[in-house]
Structure formats: structure tokens, C-alpha cells
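Coordinates in review
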There are 2 protein chains.
Amino acid sequence: MSREHNHLVIMAGGVGSRFWPMSTPECPKQFIDVMGCGRTFIQLTVDRFEGVVEPQNVWVVTSEKYAGLVKEQLPQVPEGNILLEPCRRNTAPCIAYVAWRIKKQDPQANLVVAPSDHLVLNPEEFRKVVLRALDFTAETDAIVTLGMKPTRPETGYGYIQADHSAASLRNKGIFRVDSFREKPNLETAKEYIKHKEYYWNSGIFVWSVNTIVNALRIYQSEIADIFENLLPVMGTSKEQAAIDKEFPKCPNISIDYAVMEKADEIFVMPADFGWSDVGTWGSLITLANRDAQGNAVVGENVQLYETRNCMVHTSQERRVVIQGLDGYIVAEKDNTLLICKLSEEQRIKEFSA
Amino acid sequence: MSREHNHLVIMAGGVGSRFWPMSTPECPKQFIDVMGCGRTFIQLTVDRFEGVVEPQNVWVVTSEKYAGLVKEQLPQVPEGNILLEPCRRNTAPCIAYVAWRIKKQDPQANLVVAPSDHLVLNPEEFRKVVLRALDFTAETDAIVTLGMKPTRPETGYGYIQADHSAASLRNKGIFRVDSFREKPNLETAKEYIKHKEYYWNSGIFVWSVNTIVNALRIYQSEIADIFENLLPVMGTSKEQAAIDKEFPKCPNISIDYAVMEKADEIFVMPADFGWSDVGTWGSLITLANRDAQGNAVVGENVQLYETRNCMVHTSQERRVVIQGLDGYIVAEKDNTLLICKLSEEQRIKEFSA
């Protein structure tokens, strides 16, 4: 397969409220160097598609508020590829918009849709998996989700049950989906990971543009009609005004509900490339480099004394001295400081209100 | 007694390293609004002499580094009254310098010498006590120290043992000093406060300029000679250059060792005006207004959750959210943050190094 038709769609509209004050409505998680590696999450997301998707085929869907951040952080992405939602309508309208937009320009397009704020620890393996999935969707009408091999009974993720009986596809490492499961309780999660056919739902999708457009036409005609009608203005100077008027009419619905749980040709490709949605400070501390006392530190000038299992996140120029903390988040950004037990991090939304 | 000869000498050369990062070598404790009341310690020190000493009779001895801060914070003090030590030589040379300088201008001067970074919770009572002491020293050759009635077996202060047998003076509430005692251990401190004749040494001295000049001539002729020789240039444009040359020749010695423990006419005036040298974060939390959970907060935008017995000191514009801390210092200044158990505060010097 030629790679010229490969496209990457990055969904970058999230507000990242759980990582306050590191993440703020003005600069959410995807635009932050969360890991202290010198690259923001959205930059890392694009980086890992190097050799898979050309820069001119990278698309970002976000809100007007973040357009400046996207341009600044992804200068290689053409400005016309930055699509602005006038309001948030969950993932289905977002994906529909970009699908019709790409279809007009490249009817043979083959798409990867990915969140902008997830982490992949093994980009090499990631590229292999994605290329395999793209090869598959280029030749079929398959809707593919990447399923992560679970390493623990995580209750923060949805699960995908694969149909391991489909022997013909097993050879390719791709399985039909038996069912999608909501975030389980701990007991259920433990049950899932006992059975080898359950995978974490990564929210990374692969499909050809024709496949997703057709699926939306069948299962979400209301959404499909809106973007079908907008086709003439897409890619023109009238696009934004028309989107601003029509997009809000879309129902608020996730692509999972809108398509995945309804369509037949749904597949899961199990993979293991060190993925995390980095949805909590707790997950971040698990993924970050930790010192012998279990501390994960982002910041160049941080001194720790008798401090264990803490997540410290501050800016390069900031000096921080911490003595005698165990199991805390210490996070600073701009003019705000948070000190909070890791075990209480679900209350951060309340604190930041 | 007329008050025109009353002078206030403020010693403001300290570097306040125990309150890092609130206090830094660039802006030590005496120049900081430690209590969050809108006035710095040195401003509060001058404030409490209102009605006792005229602004033109306020003198500040500090280093060149802090001359700008003094001028900025005490605009009512004449610039010529700000004396600059070229190096630190403890309190005896500092007091000698200012004594000769004042003597040249006002030979009838009656002085209060006070540190710049102590706290007095009852300024009304303070004024009464100081005026009484000044009345006494105006008529006598007495060297008077203010002795604080101890409220606890404090090991961080020196003690003064009064001679309560001197009945004649007891009527005036002033006693001869029996002995000066170094900072005691806890056991000794407990013994001291059982006996009513022990007082904390506040480091606040009262004497006429003639008395202290004569005492220095007798007990510290080396120091006295230096300033006697400088008398012709004092108050002239040549003063600073001469001081810069001669002052470093003074021995490094405290006024307590140099004079107090040697002279005969030493008195202590017991007083109770809510004094503290605010030498530690622990003492600060004791003195500050505390909430029902025992937290003392300086800062306009601080939210506490499940937090007890903490000292939080930050700037007005800074937002701070703290959850689940008990018995910690959280202090921020400029580009530095300290989180440290109150019980470990003696290590702050080490942390800040």
C-alpha cells in the first residue's frame, strides 16, 4: 500500500480538568509537556506517526480557543487542516466533520483517529501496529479499534471483548468484536483480565474514509445529512461560517454509541505498545520515571528530603524543596499551587472550581 | 522629661536565613510583611515608637545591600540617619558607631536600641514601658534591658536573672541584674520559670548616649578609640569612606559580652507586651491568627481541605490549594516553594543552601 492516502485525525478539544493546575481550561493537558520530556502530548501524538502519515495529511479537530496553541505546537500541520468545532458535541460529530472534509480532498483516504492526550511508551511498536491496521482497512470495509492488552484490572477504562473463535482473522492478529463493555467495577475488571479475550478500549480507530462515511450514513443519518450538505463549502472560505451555523445542530453522541456498538464489521487489533490515557495523576506517576523512593518529578530544580511516592510537577525555572511528604501530588502552574494526597485526586475538579 | 532627646536605634543588618524562602539574603525577614498585616517588621518596629521618638530621631544601622529597602520602607527617616556597616561585626561595634554618631549631634540623647525583626502584640503597653525606661535612663547612668515575663520554658532565648532583693528599685518596677544566662536546655528553662526572677532577654536596650559611650570607653577601649577618632568626619560627606576603612578593624563581639556582662549599673525592666523574636516558623504560627484547625495563613487566595496545624505563607496574587496536610510549613516567595514539616524547620538553612 502506498502511504500517500494515510491520514491522521487528532481529536484535541478536551479540557483536561483532572490535572489542574498543571492543566487549565486555557491550556489543557494535550498542550502540556506532562512528562517533562520537552514535547507536549499533542506533539508526541504527531511524532509517533512519523513515517506513517505525511504532515500535510495530519488533521486536528479542536475548538477556536485552542487554535493558536495547535498552530504554535504543530507548525508542520497546514492551517487548513485545523478544524474548529464551534461547540462540543462529543466524538461522533467531530469525526463526521473531519471525515467528510477529508473525503472531499482525498476519496481514497485511510484514517487513523486518535486522542491528543494519550501516552505511548513504545512508538516503534505503535507504528508497526498502526501500519498493519491501515493495510487491513485499505483493503476492507473494516472498522478497527486498537485494543490494549490489559496489565491490571483497571476500572478507569472501557473494555472490548474479542471473538477469538474467528480463526481466519486470528492469523492477521485482528479479531471481530464480540461486545463493548463500559468501565467495570473492580470485581468485573478482575473477571475480564482472567479471560484473554478482553482488551482495553484505547479510543484509537482505523478505517477508510469511505467506511466511516458510509457507517455514519447508515447509523447516524441526521449527522451524515448535515455534513453531506456542507460538502460544497468545505475547503473554501465559507467553511467556518457554515460549520459554526450547522455543527451545533448535531446530536451530542460518542462514536462508540453512534457507530461502534451498532455496526457489524467491527474489529479489534490487540496491541501492546505501552499505552495509557494518562487520565489521572495516579496513572501519570506509574508511567513516569521514578526515583528509588517512588517519586516522579517533572522540574529541573526540585530537592526532596524524606519524601516518597510523590508526583511533583513544576516549571523549569521554579525551585522547590519538599521535606517529609508521602503519597502527595505537588503541582504548580503559573500562579497556582496544588498540594493534595494522591488518594484524593478525584476531588481536584472540586478544588479547582 | 522632654521627648526631643529620645532616639530610636534599629539594628537591621540580619539575614533571616531561618525563614527561607519567605526571607532571603536579598530581602530578609525585617523587610517582609511576615504577619500579612500590610506592614513589614521594620515598619512595625518604627510604628510602635509613635509618640515616643520623632521620625528625625530614628536611626537605622544596616548594610549597604539593604539601604534601598530601608529608604523605601521608612521614607520618614532622614537618609543621613541610615548608617551602613561595611561588614558585620555583631552588635557592639554597630551600637558604638551609632552612639558616637548621635552623641555628636545630640549630646543629651536618650536611646532605645531595638532589633528590627521582633514582634510586639501590645504596642500600647510597649510604649508605656519604654517611656518609663527612658525616664529612668535620662536621670541615671543606668543600662537597662527590657526583660520579658516568660510564658513557657523557652529554650530559644537567653534569660536575665533579676535581683529582686533590691527593694528600693522594685517600686519603680526596675531591678538590678544578677546575671545573664545563655539559652538553657529544657530542664534548666523549666527551673528558671519556676523562679519569678528570671526574664527573657529581649535584646531591647535603653540608655543615655553618655552612659553607653562611657561604658564602651571603659570596657571596650579598642572599639571606643575607633569611633572617637572618627568623630570629626561623622555627619560629613567623608563619613562613609572613613567608616568603610575603620569599621572592619572592630572586634566581632556582641553588646551583651562587650558591656552588659561586665558593667555594674545594669538593670532589667520586666515587661509584658506580647513580645517575640519570631525566630522560627513554629513561633510564627503561635503568634499568628489561626483558624479552628490551627492553621495560620498569610495569603489572600488559599483554600485548605483536611489541613491542620499548618503555616502557609504566600503572596497575595498566588492561588494555593492544600489538601490533607498536618503540621507543615508551606512557604512561597518569588520563584521558590518550600514544603517542610514544622518539626524539621531547623533544617531549613541546610535546604536553602
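The coordinates are above.
The structure presented is a predicted model; accordingly, all values stated were derived computationally and were not measured. (Residues numbered from 1 in each chain as written. Chains lettered and ligands numbered in written order. Predicted model: local features only at pLDDT ≥ 70, side-chain atom pairs only at ≥ 80, totals over all residues. Heavy atoms only, no water.)

**Concerning the overall build of chain A**
Along the backbone of chain A there are 12 helices and 17 strands. For 353 residues, the compact-globule formula gives about 20 Å, and the C-alpha radius of gyration of chain A, at 21 Å, lands near that figure. Projecting the C-alpha coordinates of chain A onto the three principal axes gives extents of approximately 60 × 50 × 35 Å. Here chain A holds 353 residues, and the buried ones make up 58% of them. Sequence separation of 24 or more characterises 68% of the internal contacts of chain A that already satisfy a separation of 6 or more. Accessible area for chain A stands at about 14,800 Å²; split by element, carbon and sulfur atoms hold 46% of it. Averaging the locations of the 38 positively and 46 negatively charged side chains of chain A gives two centres separated by 1 Å. (Helix = DSSP H or I, 4+ residues; strand = E, 2+ residues; numbered from the N terminus. Rg over C-alpha atoms; globule rule 2.2 N^0.38 Å. Buried < 20%, exposed > 50% of the residue type's maximum accessible area, 1.4 Å probe, protein only. Contact = heavy atoms within 4.5 Å. Areas by Shrake-Rupley, 256 points an atom, 1.4 Å probe, with all protein chains shown as cover. Lys, Arg positive; Asp, Glu negative; His and termini not counted. Charge placed at Lys NZ, Arg CZ, Asp CG, Glu CD.)

**Considerations on the relation of the copies chain B and chain A**
Once turned by 180 degrees and shifted 0.1 Å along the axis, chain B lies on chain A with an RMSD of 0.0 Å. On this basis, the relationship between the two copies can be described by a two-fold rotation axis. When the interface residues of chain B are mapped onto chain A, 100% of them are again interface residues, pointing to one common binding face. (Least-squares fit on C-alpha atoms with pLDDT ≥ 70 in both.)

**As for the interface of chain B and chain A**
Listed as interface residues are 30 residues of chain B and, on the opposing side, 30 residues of chain A. Summed over both partners, the interface of chain B with chain A comes to about 2,500 Å²; 46% of that surface belongs to carbon and sulfur atoms. On inspection of chain B and its partner chain A, the count reaches 4 salt bridges. E332 of chain A is the partner of R318 of chain B in a salt bridge, and the nearest nitrogen-oxygen pair spans 2.6 Å. Secondary-structure elements contributing two or more residues to the side of chain B that touches chain A are β13 (301–305), β15 (319–323), β16 (328–333), β17 (336–341) and α12 (348–352) of chain B. Split by residue class, the side of chain B that touches chain A holds 14 nonpolar, 6 polar and 10 charged. In the sheet, strand β15 (residues 319–323) of chain A pairs with β17 of chain B via 4 bridges, with the strands oriented parallel. (Buried area = accessible area lost by both parts, 1.4 Å probe. Salt bridge = Lys/Arg side-chain N within 4 Å of Asp/Glu carboxyl O. Nonpolar A, V, L, I, M, F, W, Y, C, P; charged D, E, K, R; others polar. Pairing = 2+ DSSP bridges.)

**What to know about the packing of helix α3 (residues 91–105) of chain A against helix α7 (residues 209–219) of chain A**
Residue and element names in this part refer to chain A. At a minimum axis distance of 10 Å, the contact between α3 and α7 shows a crossing angle of 130 degrees. On the basis of their axis angle, the class for α3 and α7 is oblique. Helix-helix and strand crossings are classified by hand; for α3 and α7 the assignment is left-handed. Of the residues in α7, those touching α3 at I95, A96, A99, W100 and K103 are V209, N210, I212, V213, L216 and R217. For the contact of α3 with α7, the residue count by class is 8 nonpolar, 1 polar and 2 charged. (Axes fitted to C-alpha atoms, helices over the stretch in contact; angles between N-to-C directions. Parallel < 35°, antiparallel > 145°, perpendicular 65-115°, else oblique. Left-handed = near helix turned anticlockwise from the far one by under 90°.)

**Considering the side chain of S179 of chain B**
Residue and element names in this part refer to chain B. Mapped onto the secondary structure, S179 falls in strand β8 (residues 175–181). Look at S179 and you get buried, because its relative accessible area is 17%. At 3.0 Å, the side chain of S179 and the side chain of R181 are in polar contact. Setting aside residues no more than four positions away along its own chain, S179 makes contact with Y159, I160 and Q161. (Polar contact = N/O pair within 3.5 Å; in protein donor to acceptor, adjacent residues only side chain to side chain.)

**Describing helix α9 (residues 239–246) of chain B**
Residue and element names in this part refer to chain B. When we look at burial in α9, the residues that qualify are E239, A242, I243 and E246. Here the buried residues of α9 occupy an arc of 100 degrees about the axis, which is enough to place them on one side. Away from its buried face by more than 90 degrees, α9 exposes A241 and K245. Buried residues in α9 make contact with β3 (82–85), α3 (91–105) and α8 (221–230). (Arc of directions from axis to C-beta.)

**Quick look at the packing of aromatic side chains**
This structure, assessed with the given rule, holds 32 aromatic pairs over all chains. Ring centres of F31 of chain B and Y66 of chain B lie 5.5 Å apart, and the angle between their planes is 50 degrees; on these two criteria the pair is classed as tilted. Within this pair, whereas F31 of chain B is found in the loop between β1 (6–11) and α1 (41–47), its partner Y66 of chain B is found in the loop between β2 (58–63) and α2 (67–73), the two being separated by 35 residues in sequence. Judged by its relative accessible area of 3%, F31 of chain B falls in the buried class. Through a chain of ring-to-ring contacts, the aromatic side chains of Y97, W100, F227 and F247 of chain A assemble into a single cluster. (Phe/Tyr/Trp six-rings, centres within 6.5 Å; stacked < 30°, edge-to-face > 60°.)

**Notes on unusual backbone geometry**
Of note, the amide linkage connecting W20 of chain A to P21 of chain A takes the cis form, showing an omega dihedral of 5 degrees. Within the fold, P21 of chain A resides in the loop between β1 (6–11) and α1 (41–47). Of note in this structure, E306 of chain A is not a glycine but carries a positive phi near 45 degrees. Positioned with a positive phi, N309 of chain B is a non-glycine residue whose angle comes to about 55 degrees. When you line up the elements, N309 of chain B lands in the loop between β13 and β14 (311–313). Residue classification places N309 of chain B among the partly exposed residues on the basis of a relative accessible area of 31%.

**Concerning the sheet that holds β15 of chain A**
The 6 strands lie next to each other as β13(A)-β15(A)-β17(B)-β16(B)-β14(B)-β12(B), forming an open sheet whose pairing is mixed. Two strands lie at the open edges of the sheet, namely β13 (301–305) of chain A together with β12 (296–298) of chain B, each paired on one side alone. Direction aside, the axes of adjacent strands within the sheet are offset by 5 degrees on average.

**As for the pairing of strand β9 (residues 198–208) of chain A**
All names here are of chain A. With 11 of its 11 residues buried, β9 lies for the most part within the structure. By the bridge criterion, 4 bridges tie strand β6 (residues 143–148) to β9 in an arrangement that is antiparallel. Across the sheet, T145 pairs through a bridge with F205, a residue of β9. Across 3 bridges, the pairing between strand β7 (residues 159–163) and β9 is antiparallel. Each bridged residue has a counterpart across the sheet, and for Q161 the counterpart in β9 is Y198.

Honestly, it's all geometry; don't read function into it.
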